[in-house]
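Residue-level structural notes
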Amino acid sequence: MAQLVRTVHQRIDLILDILEEQWGRLPNVEATIDEWDLIDQIVFIEEWPLEEQRLDEMEAYVAEDALAKEQMIRCEELKRVVRRNRPIIYRLQRR
């Protein structure tokens, strides 16, 4: 059982790492995306639903009360970043 909890916590840490990176970089992406190759722009936008899926997965872990205290703190900060940066991804998707 302890191994399962450790594995779940490792998965949560991995998802948090990815989500923090992806959502946190959106202001920079918006500022520079016009300098990217067109293919890179398209790939970024088309692959963004993967970040939404990861966010859904994280919410499922939250609902299951599976996060350790420090993970919950990170998750709360992530929610603030998502709220702040969600308009950016909407603008990028409408381009």
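Let me begin by describing the structure that accompanies this report. This structure is a prediction, so every number in the text was calculated from the model and none was measured. Numbering of residues begins from 1 in every chain and follows the order in which that chain's sequence is written. Selection of residues for local features in this predicted model requires a pLDDT of at least 70, selection of side-chain atom pairs for listing and counting requires 80 or more, and totals for whole chains, interfaces and linings are taken over all residues. Excluded from the side-chain calculation are hydrogens and water; included are all heavy atoms of the structure.

**Side note on the environment of leucine 16**
Applicable threshold: By definition, any uninterrupted DSSP run of H or I lasting at least four residues is a helix, any uninterrupted run of E lasting at least two residues is a strand, and each is numbered from the N terminus. Each residue's exposure class comes from its accessible area (1.4 Å probe, protein chains only) as a fraction of the maximum for that residue type: buried when under 20%, exposed when over 50%, partly exposed otherwise. Residue contacts are counted whenever heavy atoms from the two residues lie within 4.5 Å of one another.
Relative to the helices and strands, leucine 16 is located in helix H1 (residues 2-24). Judged by its relative accessible area of 0%, leucine 16 falls in the buried class. A sequence separation of 48 residues divides leucine 16 from glutamate 64, and the C-alpha atoms of the two residues are 16 Å apart. Not counting the four nearest positions on each side in its chain, leucine 16 is found in contact with Met58, Gln71, Arg74, Cys75 and Leu78.

**Here we look at unusual backbone geometry**
Phi is positive for aspartate 65, close to 60°, though the residue is something other than glycine. Structurally, the position occupied by aspartate 65 is in the loop between helix H4 (49-63) and helix H5 (69-94). A residue is classified by how much of its surface remains accessible, and aspartate 65, at 67% relative accessible area, is exposed.

**Focus on the nonpolar core**
To be explicit about the condition: The definition of a nonpolar core used throughout is a set of buried Ala, Val, Leu, Ile, Met, Phe, Trp, Tyr and Cys residues joined through side-chain atoms within 4.5 Å.
Within the largest apolar cluster, 24 residues are counted, with the highest numbers of intra-cluster contacts made by Trp23, Leu26, Phe44, Met58 and Leu92. Of all the secondary-structure elements, those providing two or more residues to this core are H1, helix H2 (26-32), helix H3 (38-47), H4 and H5. A total of seven residues in this core trace back to one element, the largest contributor, which is H5. Non-local contacts of leucine 26, meaning those with residues more than four positions away in its chain, are made with Phe44, Trp48, Asn85, Ile88, Ile89 and Leu92.

**What about the packing of H3 against H4?**
Rule in force here: All axes are obtained by fitting lines to C-alpha atoms, using only the stretch in contact for helices, and the reported angles, taken between N-to-C directions, cover 0 to 180 degrees. We call two directions roughly parallel when the angle between them is under 35 degrees, roughly antiparallel when it is over 145, roughly perpendicular when it lies between 65 and 115, and oblique otherwise. For this scheme, ten residues count as nonpolar: Ala, Val, Leu, Ile, Met, Phe, Trp, Tyr, Cys and Pro. Four count as charged, namely Asp, Glu, Lys and Arg, and the remainder, Gly too, count as polar.
Two elements in contact, H3 and H4, have axes separated by 5 Å at closest approach and are oriented at 25°. Regarding the angle of H3 to H4, the classification is roughly parallel. For the pair H3 and H4, the contacting residues are Ile45, Glu46 and Glu47 in the first and Pro49, Leu50 and Glu51 in the second. Taken together, the residues of the contact of H3 with H4 break down into three nonpolar, no polar and three charged.

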